[in-house]
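# Chain and residue survey
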Amino acid sequence: MRAVLFDFDGVLTTDKYGSDATNRYLAQTTGLAFARVDQALERHNDALLLGRLTHRDVWPEVCRELGWNIDYGVLDAAFRSTPMNADVLALARQLHGRVRLGIITDNKADRMDCLRRMHGLDAWFDPIVVSAEAGVSKADAAIFEHACRLAGLRPAQCLLIDNSRRNLDTAAAAGLATLFHDDARNDVAALRGALARMLGAGWLA
């Protein structure tokens with residue numbers, strides 16, 4: 001195994017879905033109900049995740065639906081409120097330099113740009129494959145094949161860690177090794193043990 005590829009939300013963050021922190025912050029800032037904010041943005045979710053639209057494109061419509069002229073700048077603060085999974089990040093850093101690290105995520109481009117800068121992710125992870133930039137989601141094996149090509153590796157040399165069994169099934173069909181991380185339990189000790197078994201204990205010594 002030459003590379004470990006991490007899902008982002010639910011693995012490197014503690015929220016199951018990337019929109020959770022964003023919509024939670026917007027709801028708290030405006031005083032609107034979370035469900036209302038979530039619904040207003042959810043209708044644009046697929047277009048945002050596949051890069052057909054950006055948040056700037058949909059923002060006027062979102063504000064009209066909410067009946068609230070929310071300053072677009074608030075969105076950056078909402079992205080930055082994402083709770084990172086410090087223990088999994090520490091585990092990744094321990095692997096850095098021993099195996100190649102990457103990220104494959106169904107995500108919005110502007111959100112990931114913000115969080116990449118904020119947390120210096122590009123210093124640790126290469127490639128970082130974002131669905132909105134690739135134009136394809138993890139429902140399609142093509143995104144995993146694309147990540148392997150960027151890493152210069154065969155799928156069989158790459159391990160994907162994800163909190164979605166559906167994504168893992170798609171990755172496995174593309175030839176990657178897979179490892180499930182239960183975001184609800186967030187048992188990093190179990191994740192570490194599974195990685196040690198798959199990579200060999202020496203990788204995590």
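Residues numbered from 1 in each chain as written. Predicted model: local features only at pLDDT ≥ 70, side-chain atom pairs only at ≥ 80, totals over all residues. Heavy atoms only, no water.

In the annotation of an unreviewed UniProt entry, the entry for the protein chain reads HAD-IA family hydrolase, and the organism field reads Chromobacterium paludis.

It is a general feature of regular strands that their side chains alternate between the two faces of the sheet. Counting buried residues in strand β2 (residues 100-105) gives five out of six residues, a clear majority hidden from the surface. Of the strand pairs in this sheet, strand β1 (residues 3-6) and β2 are connected by four bridges, and their pairing is parallel. Note that in β2 the partner of Phe-6 across the bridge is Ile-103. Taken together, the three bridges between β2 and strand β3 (residues 128-130) define a ladder with parallel strand orientation. What sits directly across from Ile-104, in β3, is Val-129. A crossover links β2 with its parallel partner β3, the connecting element being helix α8 (residues 109-119), and its sense is right-handed. (Buried < 20%, exposed > 50% of the residue type's maximum accessible area, 1.4 Å probe, protein only. Helix = DSSP H or I, 4+ residues; strand = E, 2+ residues; numbered from the N terminus. Pairing = 2+ DSSP bridges. Right-handed = clockwise from strand over helix to strand, strands pointing away.)

Okay, the side chain of Asn-107 next. Its location among the elements puts Asn-107 in the loop between β2 and α8. At a separation of 2.9 Å, a polar atom in the side chain of Asn-107 contacts the side chain of Arg-111. (Polar contact = N/O pair within 3.5 Å; in protein donor to acceptor, adjacent residues only side chain to side chain.)

Let's shift gears to unusual backbone geometry. Here the residue pair Asp-126 and Pro-127 is connected by a cis peptide bond, since its omega of 15° sits within 30 degrees of zero. The residue Asn-186 is not glycine, and still its phi comes out positive at about 45°. Tracing the sequence through the fold places Asn-186 in the loop between β5 (177-180) and α12 (188-199).

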